[in-house]
Amino acid sequence: MRYLALLCLLAACNTAGPHFRGLPVTTVTIDGSTFDVRVNGRLAEAIRTNMQYAPRFGPIQSRAGRAMEMVSGCSVKEVRGDQAQATGILDCGKGGPKIDRLKPQGEYDCYTVDSYISAATNELVLDLDCTLI
């Protein structure tokens, strides 16, 4: 029974919260922390999906906020949560968040760090390291 509970816990490590289910997800890596980010109106959710040893919420909170800003195109007024899941309150001005605000701001030089086939979606996933040229 314990193994079943552990399997269920591990399988749900990046499941969206109730307000974010069914929404598109964008994966962002900030300073070594990888987040699945979803935006719903003036709220954003960042779920940390990578392994890190005993992180404090302070640095994770800042990184999650930056990831939410990148995906939503809005500034983040406040980030609440813990090391695994954070919810941000967005300040988008008039008109709300616009996911298409993320436009390239220059050219990037990238190389592939890792690649694998996602078991969940059967799609190729690339882990890129990019530098703005």
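Residues numbered from 1 in each chain as written. Predicted model: local features only at pLDDT ≥ 70, side-chain atom pairs only at ≥ 80, totals over all residues. Heavy atoms only, no water.

## Let's talk about the pairing of strand β4 (residues 75-81)
As defined by bridge partners, β4 adjoins strand β5 (residues 85-91) across six bridges and the pair is classed as antiparallel. Within β5, the residue paired with S75 across the bridge is D91. Connecting the antiparallel pair β4 and β5 is a turn made up of three residues. (Pairing = 2+ DSSP bridges. Helix = DSSP H or I, 4+ residues; strand = E, 2+ residues; numbered from the N terminus.)

## Comments concerning the confidence of the model for the protein
Averaged over all residues, the pLDDT of the protein is 77; the fraction at 70 or higher stands at 73%. Across the protein, element-level confidence peaks in β4 with a mean pLDDT of 94 and bottoms out in helix α1 (residues 2-11) with 43. (pLDDT = per-residue confidence, 0-100.)

## A few points about the side chain of D36
Checked against the element boundaries, D36 lands in strand β2 (residues 33-40). Buried charge D36 goes without a salt bridge, the closest partner of opposite sign being R38 at 5.0 Å. A polar atom in the side chain of D36 sits 2.8 Å from the side chain of T27. (Buried < 20%, exposed > 50% of the residue type's maximum accessible area, 1.4 Å probe, protein only. Lys, Arg positive; Asp, Glu negative; His and termini not counted. Salt bridge = Lys/Arg side-chain N within 4 Å of Asp/Glu carboxyl O. Polar contact = N/O pair within 3.5 Å; in protein donor to acceptor, adjacent residues only side chain to side chain.)

## So, the pairing of strand β3 (residues 43-48)
Burial of β3 is extensive: five of the six residues sit out of reach of the surface. As paired elements, β2 and β3 share six bridges and run antiparallel to each other. By the bridge assignment, R38 is partnered in β3 with E45. From the end of β2 to the start of β3, which pair antiparallel, there are two residues, and G41 there has a positive phi angle of about 65°. Direction of pairing for β3 relative to β5: antiparallel, over a ladder of five bridges. The residue bridging A46 from the neighbouring strand is A86, located in β5.

## Let's talk about the sheet that holds β2
Across the sheet, which stays open at both edges, the five strands sit in the order β1-β2-β3-β5-β4 with antiparallel pairing between neighbours. Two strands close off the open sheet at either side, each with one partner strand: β1 (26-30) and β4. With direction set aside, neighbouring strand axes in the sheet form an average angle of 30°. Pairing analysis gives five bridges linking β1 to β2, with the strands arranged antiparallel. (Axes fitted to C-alpha atoms, helices over the stretch in contact; angles between N-to-C directions.)

## Quick notes on the side chain of R48
Assignment of secondary structure puts R48 in strand β3. There is a polar contact of 2.7 Å between the side chain of R48 and the backbone oxygen of N50. When sequence neighbours within four positions are dropped, the list of residues in contact with R48 reads S33, T34, F35, P55, I60, Q83 and A84. (Contact = heavy atoms within 4.5 Å.)

## A short note on the environment of E45
Checked against the element boundaries, E45 lands in strand β3. Through-space distance from the C-alpha of E45 to that of A16 is 7.9 Å; in sequence the pair is 29 residues apart. Apart from residues no more than four positions distant in its own chain, E45 is found in contact with A16, G17, F20, D36, V37, R38, M68, Q85, A86 and T87.

## With respect to the pattern of salt bridges
Evaluated as defined, the whole model comprises two salt bridges. Measuring nitrogen to oxygen at the nearest pair gives 3.0 Å for the salt bridge that ties R66 to D31. Of this pair, R66 sits in helix α2 (residues 57-72) while D31 sits in the loop between β1 and β2, placing them 35 residues apart in sequence. For R66, a relative accessible area of 35% gives the class partly exposed. Residue D31 is classed as exposed on the basis of its relative accessible area, which comes to 53%. With its nearest N and O atoms 2.7 Å apart, the salt bridge here joins R80 to E78.

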